[in-house]
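# Analysis of the macromolecular model
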Amino acid sequence: MAKKKKIAKPYLRKQSKRHTKLGKAPGTITYMGNREGLSSEVAILEYNEESCQLHKPGILEQIQAYKDSPKISWVNIVGLNDEKFVEKIGKQFGVNTLVLEDIVNTNQRPKIDEYENYIFGVFKMLYINEQEELAGEHVAMILLERCVLVFQEVQEDVFEGVRDRVANKHGRIRSKDSDYLFFALLDAIIDNYFVVLEHFNHKIEVLEERVYDNPTSEIAHEIQSLKKEILKVRRWIFPVRELVGRLIDSEHELIGKDTKLFLRDALDHTLEINESLQIYREMSMSLMEMYMSNISNKMNEVMKVLTIMASIFIPLTFIAGIYGMNFDNMPELHTQYGYFVVLGAMFLMFVGMLVYFKTKKWL
Amino acid sequence: MAKKKKIAKPYLRKQSKRHTKLGKAPGTITYMGNREGLSSEVAILEYNEESCQLHKPGILEQIQAYKDSPKISWVNIVGLNDEKFVEKIGKQFGVNTLVLEDIVNTNQRPKIDEYENYIFGVFKMLYINEQEELAGEHVAMILLERCVLVFQEVQEDVFEGVRDRVANKHGRIRSKDSDYLFFALLDAIIDNYFVVLEHFNHKIEVLEERVYDNPTSEIAHEIQSLKKEILKVRRWIFPVRELVGRLIDSEHELIGKDTKLFLRDALDHTLEINESLQIYREMSMSLMEMYMSNISNKMNEVMKVLTIMASIFIPLTFIAGIYGMNFDNMPELHTQYGYFVVLGAMFLMFVGMLVYFKTKKWL
Amino acid sequence: MAKKKKIAKPYLRKQSKRHTKLGKAPGTITYMGNREGLSSEVAILEYNEESCQLHKPGILEQIQAYKDSPKISWVNIVGLNDEKFVEKIGKQFGVNTLVLEDIVNTNQRPKIDEYENYIFGVFKMLYINEQEELAGEHVAMILLERCVLVFQEVQEDVFEGVRDRVANKHGRIRSKDSDYLFFALLDAIIDNYFVVLEHFNHKIEVLEERVYDNPTSEIAHEIQSLKKEILKVRRWIFPVRELVGRLIDSEHELIGKDTKLFLRDALDHTLEINESLQIYREMSMSLMEMYMSNISNKMNEVMKVLTIMASIFIPLTFIAGIYGMNFDNMPELHTQYGYFVVLGAMFLMFVGMLVYFKTKKWL
Amino acid sequence: MAKKKKIAKPYLRKQSKRHTKLGKAPGTITYMGNREGLSSEVAILEYNEESCQLHKPGILEQIQAYKDSPKISWVNIVGLNDEKFVEKIGKQFGVNTLVLEDIVNTNQRPKIDEYENYIFGVFKMLYINEQEELAGEHVAMILLERCVLVFQEVQEDVFEGVRDRVANKHGRIRSKDSDYLFFALLDAIIDNYFVVLEHFNHKIEVLEERVYDNPTSEIAHEIQSLKKEILKVRRWIFPVRELVGRLIDSEHELIGKDTKLFLRDALDHTLEINESLQIYREMSMSLMEMYMSNISNKMNEVMKVLTIMASIFIPLTFIAGIYGMNFDNMPELHTQYGYFVVLGAMFLMFVGMLVYFKTKKWL
Amino acid sequence: MAKKKKIAKPYLRKQSKRHTKLGKAPGTITYMGNREGLSSEVAILEYNEESCQLHKPGILEQIQAYKDSPKISWVNIVGLNDEKFVEKIGKQFGVNTLVLEDIVNTNQRPKIDEYENYIFGVFKMLYINEQEELAGEHVAMILLERCVLVFQEVQEDVFEGVRDRVANKHGRIRSKDSDYLFFALLDAIIDNYFVVLEHFNHKIEVLEERVYDNPTSEIAHEIQSLKKEILKVRRWIFPVRELVGRLIDSEHELIGKDTKLFLRDALDHTLEINESLQIYREMSMSLMEMYMSNISNKMNEVMKVLTIMASIFIPLTFIAGIYGMNFDNMPELHTQYGYFVVLGAMFLMFVGMLVYFKTKKWL
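Presented here is a report on the structure given in the accompanying data block. Computed from a prediction, not measured in an experiment: that's the story for all the values here. (Residues numbered from 1 in each chain as written. Chains lettered and ligands numbered in written order. Predicted model: local features only at pLDDT ≥ 70, side-chain atom pairs only at ≥ 80, totals over all residues. Heavy atoms only, no water.)

### Regarding the overall build of chain A
For the record, the criterion: Under the DSSP-based scheme used, a helix requires at least four consecutive residues in state H or I and a strand at least two consecutive residues in state E, with every element numbered from the N terminus. Each radius of gyration is computed over the set of C-alpha atoms, and the globule rule expresses the reference value as 2.2 Å times the number of residues to the power 0.38. Contacts are residue-level and defined by heavy atoms, with any inter-residue pair within 4.5 Å sufficient.
Secondary structure summary: chain A contains 9 helices and 7 strands in total. In terms of C-alpha radius of gyration, chain A reaches 34 Å, well past the compact-globule figure of 21 Å for 363 residues. Projected onto the principal axes, the alpha-carbon positions of chain A cover approximately 120 × 45 × 30 Å. Counting only contacts in chain A whose residues sit at least 6 apart along the sequence, the fraction spanning at least 24 positions is 69%.

### Examining the packing of helix 8 (residues 257-322) of chain D against helix 9 (residues 338-359) of chain D
Residue and element names in this part refer to chain D. Heads up, the condition is: Fitted lines through C-alpha atoms serve as axes, helices being fitted only where they are in contact, and the angles separating the N-to-C directions of these axes extend from 0 to 180 degrees. Oblique is the label for any angle not under 35 degrees, not over 145, and not in the 65 to 115 range, which are roughly parallel, roughly antiparallel and roughly perpendicular in turn. Crossings are sorted by hand: turned counterclockwise from the far helix by less than a right angle, the near helix makes the crossing left-handed, and turned clockwise it makes it right-handed. Each residue receives one of three labels: charged for Asp, Glu, Lys and Arg, nonpolar for Ala, Val, Leu, Ile, Met, Phe, Trp, Tyr, Cys and Pro, and polar for the others, Gly being one of them.
In the contact formed by helix 8 and helix 9, the axes pass within 10 Å of each other and the chain directions differ by 160°. Between helix 8 and helix 9, the angle falls in the class roughly antiparallel. The handedness of the crossing between helix 8 and helix 9 is right-handed. Contact residues: Thr307, Ile308, Ser311, Ile312, Phe313, Pro315, Leu316, Ile319 and Ala320 in helix 8; Val342, Met346, Met349, Phe350, Met353, Leu354 and Phe357 in helix 9. When the residues that make up the contact of helix 8 with helix 9 are grouped by side-chain class, the tally is 14 nonpolar, 2 polar and no charged.

### Details of the relation of the copies chain B and chain C
The test is simple: Residues reaching a pLDDT of at least 70 in both copies supply the C-alpha atoms on which the copies are superposed by least squares.
Mapping chain B onto chain C is achieved by rotating through 72° and translating by 0.1 Å along the same axis, at an RMSD of 0.1 Å. Considering both components of the superposition, the chain copies are consistent with a five-fold axis. Taking the C-alpha atom as reference, chain B places Gly324 of chain B closest to the rotation axis, 4.8 Å from it. Taken as a fraction of all interface residues of chain B, those also at the interface in chain C reach only 18%, which identifies the copy contact as different-surface.

### Brief notes about the pattern of salt bridges
Here is the rule: The salt bridge definition used is simple: a Lys or Arg side-chain nitrogen within 4 Å of an Asp or Glu carboxyl oxygen. Throughout, exposure labels follow a simple rule: accessible area from a 1.4 Å probe, protein chains only, divided by the maximum for the residue type, with under 20% read as buried, over 50% as exposed, and the rest as partly exposed.
Within this structure, the stated rule accounts for 92 salt bridges over all chains. Measuring nitrogen to oxygen at the nearest pair gives 4.0 Å for the salt bridge that ties Arg235 of chain D to Glu272 of chain E. On the criterion of chain membership, the pair formed by Arg235 of chain D in helix 7 (residues 217-249) and Glu272 of chain E in helix 8 (residues 257-322) is interchain, its members lying in two chains. Glu272 of chain E sits in the buried class, given a relative accessible area of 8%.

### Brief notes about the nonpolar core
What counts is decided by this rule: To define a nonpolar core, start from buried Ala, Val, Leu, Ile, Met, Phe, Trp, Tyr and Cys residues and group those joined through side-chain atoms within 4.5 Å.
In terms of nonpolar packing, the biggest core is built from 356 residues, with Phe159 of chain A, Phe159 of chain B, Phe159 of chain C, Met141 and Phe159 of chain D together with Phe159 of chain E touching the most fellow members. In this view, Phe159 of chain E contacts Trp74, Met125, Val139, Val150, Gln152, Leu185, Ala188 and Ile189 of chain E; residues no more than four positions away in its chain are not counted. Of all hydrophobic cores here, the second largest spans 133 residues; its members include Val305 and Met346 of chain C, Val342 of chain D together with Tyr323 of chain E.

### Structural notes on the interface of chain E and chain A
Which entries qualify depends on this criterion: Buried surface area refers to the total accessible area, computed with a probe of radius 1.4 Å, that the two partners give up upon joining, counted for both partners together. Counted as a polar contact is a pair of N or O atoms within 3.5 Å, where, for protein atoms, one must be capable of donating a hydrogen and the other of accepting one, and residues adjacent in sequence contribute only when both atoms are in side chains.
Taken together, the contacts link 65 residues of chain E with 65 residues of chain A. Taken together, both faces of the contact between chain E and chain A bury some 5,800 Å²; the carbon and sulfur share is 60%. For the pair chain E and chain A, the interface holds 8 salt bridges. With its nearest N and O atoms 3.6 Å apart, the salt bridge here joins Glu301 of chain E to Lys360 of chain A. The interface formed by chain E and chain A includes 21 residue pairs in polar contact (both at pLDDT 80 or more). Taken together, the elements giving at least two residues each to the side of chain E that touches chain A come down to helix 1 (2-21), helix 4 (97-104), helix 7 (217-249), helix 8 and helix 9 (338-359) of chain E. The element contributing the most residues to the side of chain E that touches chain A is helix 8 of chain E, with 19 residues. The residue inventory of the side of chain E that touches chain A, partitioned by class, reads 31 nonpolar, 18 polar and 16 charged.

### Some details on the interface of chain B and chain C
Between chain B and chain C, the contact holds 66 residues from the first and 65 residues from the second. Both faces considered, chain B and chain C share a buried interface measuring about 5,800 Å² in area, 61% of it formed by carbon and sulfur atoms. Connecting chain B to chain C are 8 salt bridges. With its nearest N and O atoms 3.1 Å apart, the salt bridge here joins Lys228 of chain B to Glu208 of chain C. Of all the secondary-structure elements, those providing two or more residues to the side of chain B that touches chain C are helix 1 (2-21), helix 4 (97-104), helix 7 (217-249), helix 8 (257-322) and helix 9 (338-359) of chain B. Of the residues forming the side of chain B that touches chain C, the biggest block, 19 residues, is contributed by helix 8 of chain B. Looking at side-chain class alone, the side of chain B that touches chain C contains 31 nonpolar, 19 polar and 16 charged residues.

### Notes on the relation of the copies chain E and chain A
Note on the copies: chain E fits chain A at an RMSD of 0.1 Å, the axial shift is 0.0 Å, and the rotation between them is 72°. When the interface residues of chain E are mapped onto chain A, a mere 18% of them again fall at the interface, so the copies present different faces.

### Points about the environment of Leu254 of chain B
Residue and element names in this part refer to chain B. Counting through the fold element by element, Leu254 comes out in the loop between helix 7 and helix 8. By relative accessible area, Leu254 is classed as buried at 14%. Through-space distance from the C-alpha of Leu254 to that of Arg235 is 28 Å; in sequence the pair is 19 residues apart. Leaving out residues up to four positions away in the same chain, Leu254 has contacts with Asn117, Tyr118, Ile119, Leu143, Leu144, Glu145 and Asp179.

Structure, rendered in structure tokens:
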């Protein structure tokens, strides 16, 4: 139960933050997430074929420099609750106000918008955190010439592999342009959706076993929250397929022909993910069905025990009741072996009943 | 129960008013809402970058003036039961009879129609009223050059935020054209749909808890009315997405390129709303499923108690019945410790049964 | 039950009449309805802006005259079982044999076919008849230049309002062309679908209350027939939307630009009707769900009574049985207050049980 | 039960014959049906406006003659298990090997393929055979200039009406070209689908009544096989609509403009059939729902009887048990009217219980 | 149970291997299947109209030769866990790295990609293995000029028939180009899907019988795993239809006009397969429904037995209890035939009850 509540909170939070924006003008930059703690932190990974450096600029003005650097810069901003800060960075890179609004709007559904000089994308990073729970984090990415801006809510992310490949010159990433970096990050997000699917797969299997063993109402509750979780995750994952498809068809000059080939590969993955989600959804529904059928089965078993006990002993008790009557004239009572005959008859009835229920396969 | 009925009434009312229009010529202007009380009331907010005034013209003829004012006018008419009045205003602003019919037809489903000189839209404002109930109000809006006409049923509305922004010069609204005002009003309506979603979310969560605690038939009833409510609200909300989409693609000269950018933002919201509605619908269905499974569980529990009690005591009673028989020749009866042996045997059977049910996990 | 059967008959009738056509050549004009009674009856309403007359021509040949009259003629034929008669009229107005076949084929699903000189439409008039039952009547309409032919099965129809408007010069009908008359009739048919919806709405509400009060199997039966009724009505109503849409897009010269504007209004209505039908369908499904859950609830209640009674009295009876045994050596029996102690113990057990069930909320 | 199995066989047979074709080259002509008995039999109906003869050519070579006859020839081949024979006829009429494969492949789903000189169609004839069971028969038809080839599995078919019309010069068939004959045969197949629908309708009604009367598990079984039957029939009927639609849009010179008008009529029928099938499917699902609800109702009734009996007599038995105890000091036992007082009290309890259950509407 | 687990493993394996690829660069060639045992093995079937040889080249370099041979070569590689080996072959035949990645990615969903010089396809071979279980094997095929490369996981495959036809010159395969070989292999894969369908059909029928006989919870479990199996197989089979369709529409020069005719035939098969899968899915759902209804039925039966036993004997026991009371003044006890009168009365009640339950059809 405790688990369920923890997972449920983030969804709730998002909904209720909406209120704070009601009546505000569109284009107002308002962070929808958790405001406590965290100040924004910038880390810049600047690289080309030959070299690769990590910068942590103290002053905002230093960031500007990387925009025009001949190397590829991956500007990573963690923490979105300082809207002013985000706005300033946005200004420096020439980004539209509506885009800035979407960067801090953690409710924003996945989208990709193309602008003249840049491509803007919003996604949900999904991963299993240290408490073995599913966590969803809003991430916004802007692809510019020779530069990719990444805005994320907290430090934890799914980009470790990409950082590694850049730092250690694995694969082709160091020799490619910023569009490949953008793709690599998107690919990392999508690849992590598979981990979420595994998480669901595991949960379904565990529940399946538990439903089969002992269908308690707690399990029904857990199945229902699993269904809700899948429903909600689907909403974040599902649109990605179309977005990747649109990127492939896009004629924006920032996306190279080569990168499109890789995007096609990512498209394949999104297709597979969507199909799996659909299957997990149907499987979670089957779980509930299974649960109901097992409940009915248990009930059946309970009823059989009751029926067998009652059907055997109620008639026997009746016979005992007969000979417990106090009539003056009950000849059987005074026979020598009456008692033993009755006991024998009762025993025969008892055995007869057992045989009867055996043939009915109730025993 | 009382609550349910209050909410149910408005839907009923609408359906039954239909009768009054049967057989009338199309284009006949007939108000479908509640006719009691309320006379129409006009309030005009006239503004430009520099100034902003609120007028409440006494005579109808004065309204004409605002049509041709160089400032932007927001003509707000409250109360639609005076069809003559609506017709006169319509004439003054050169609006088609069929449009006037739709303005007062509170059954009209959401729509946007483009005419040569104006754009006409009908929507449902949804909000939670003071009784914490969901209220739906018909609203019609006409976008003209430098003027927006708004027709609403009652005083209560969701435009307070927009009025504020105009009055206090928040955001960019005062410096924009009438199409932006039209958009701002539409945006306010759409934003309020999120409140309705939260209302549903809250109701679902409360019901979830109650279903889990104690599944009474009242709860089943409430789940069903929630499902009905969602079904009906969906009908008002769902078409909005397509309407906004059409506005974006529209080539009507009244809608500026800038406003379209903002409309795209609103489109995102309608998408999110429709997805949420879908999720709430599925969750309300799961609620019913949950309810049924909990009922079955309770029944199971009841049956177990019965079975345990009966299975333990019926055989014991039978044994007591045996030794209550009045046969002359029952040797056990005359032994010194027969009674205590039987009592002991009964006790052992009792304990045996308890152990048996324990191993079956029924206890 | 009686009601259900009456409604069921017309559907049955239609299916079984099919047999009479098996093996016949296509284009054979065969009336599919009830052949008893009724001979065809013709009534012609001839009107223009200035005047309006009602003719009931005795001889068939007189009808021809109205075809070429400069006024608008509404030729209304009641009764389709005289195929020869229908064929003759068809010939007079230059109508294709396949069209004539569809006129008398009361199984024909709604359709609109455009021919060079005329437009042919088949619809179902639905209304609530005097027995408060839903009645469906086949109606075929042909739009010619300055003339509309209407073929209907029985006298009863939904065109009273249109007749009124023509006779009393209400609205614009008298000043318009035959296409407007065609539209007005179609609009009358569509408007009456709202009455059918109200009928469904009412039935659903009544059933909802009854399900809640006392879920008998008769109610389940009624819910199922309601579902069937909705299914079947939907089949007649649903296609109308697309047909009206096609009329609007049609470039047939008989349909004026003005009339298309009104048709767009009718299209809105058909949209609303289809959405409502969908909602009523889902509501009728929910009814069944509600029914099942109430049945389960009742069962639960019954089981609780049984369990409480049995759990309380079976152990008590057992104790009484103990002291009813006839052992010689049962010391308790011979104590002064043994009886009263046992009675007291029983009373305490009784109270204890009540308290236990109270805490379990079974009482 | 016997019935179900008989119907199930043909489906089974088809699936298992598949094996015999595994690994064979595509284009191999292999009959999939029942190989026993039956040798192929050819009957040719040759006709024009003036005359009509039936030929039964003994030698295969004679058939060639009819191909080039100036009259219309309807070449009807019964029995497909002699693949050599079919191949020879195919060669004579210049038919592609892949077409021949489809002719004998009784698993082929309905299709229409256009070739340069002919049009090839495969359909399922459905009819109710003498055992009142639904029978499905594979039929292949080839439309050539002045000739139609029909291949069918067994003698029984649905073309009697067409033969009649040709023989007795009913309708227009004798004066029309081979495309009209092709259409007439297709129309006969489609018309017979209505008989199948009636069969389903009848079955549903019978089951409905039986479910209502006495829901045994046999009925559940029959409902399920009805559902399966509808599912499988739908697969043969459903594609026909699109096929007819494609014929209408086809520009093949063999299909005259006139025939297309008639095909449009057939299209209407296929539409109606598909809608009905959909309705019957939903009705068969409702049947199962009805069944479940009736089972629950019966259970409820059973439980009520048990509860009433137990609730009345268990407490009474307890009281009797009290006064059956053997305590020495039980003052009531020795009063003059104790017995009668207790009897009276028991009677009052009995009546009280009855009243209680009456108010609960359990009696 | 054992069976279920064996089948479940391959799916599990695939999911969990995903992890090993997380964070790797796209285009990395990583085998996803079972790594134990198996080294890659190459077999080349080289043939033309006149001759046909089977080669098993020891050195990789020898394979190159077959690429440019004037004969048709079918290069068959078994075992994908040696990525280096696959990469080398890929290089020799000029295949893209992304293609190589898909070849060893056993999770790849079915797809066909066209490249300038070759066509690449990935499919799932499905067959029933020796343990009578459903097995799924990843297969990748590359169509080049005069050469087809086939990559498969293990030795077992569905191509025996094709090998036979090539070796023994059955059908037209020896006289056709490499595109026909590609088609023949694809056709073999598709044809084998029918075997899987039969497998499902058989399972459904067996389960149907078992559900009817004795609905245990094991059966519910098996139904659910069947549903899962169908869901998962559908995912591999379903996309094939569209892929074949795209091949037919393709304008790639490697696919001859002739082969397209055969592909159209394969398209028909995929259509039939998809329809059947849909039907089996609905039938597996019906199975669960059937199961639930049978459980309810059994419960009903159990309840009836209990109710009959209790209703008959509880009142009788009560009467016996009455005359077991120890009141001093119970006149009936002292009558001559009191006992026999009571016994008679009890017998009458017993018979009365039986008659009552008989009329209620409970017996």
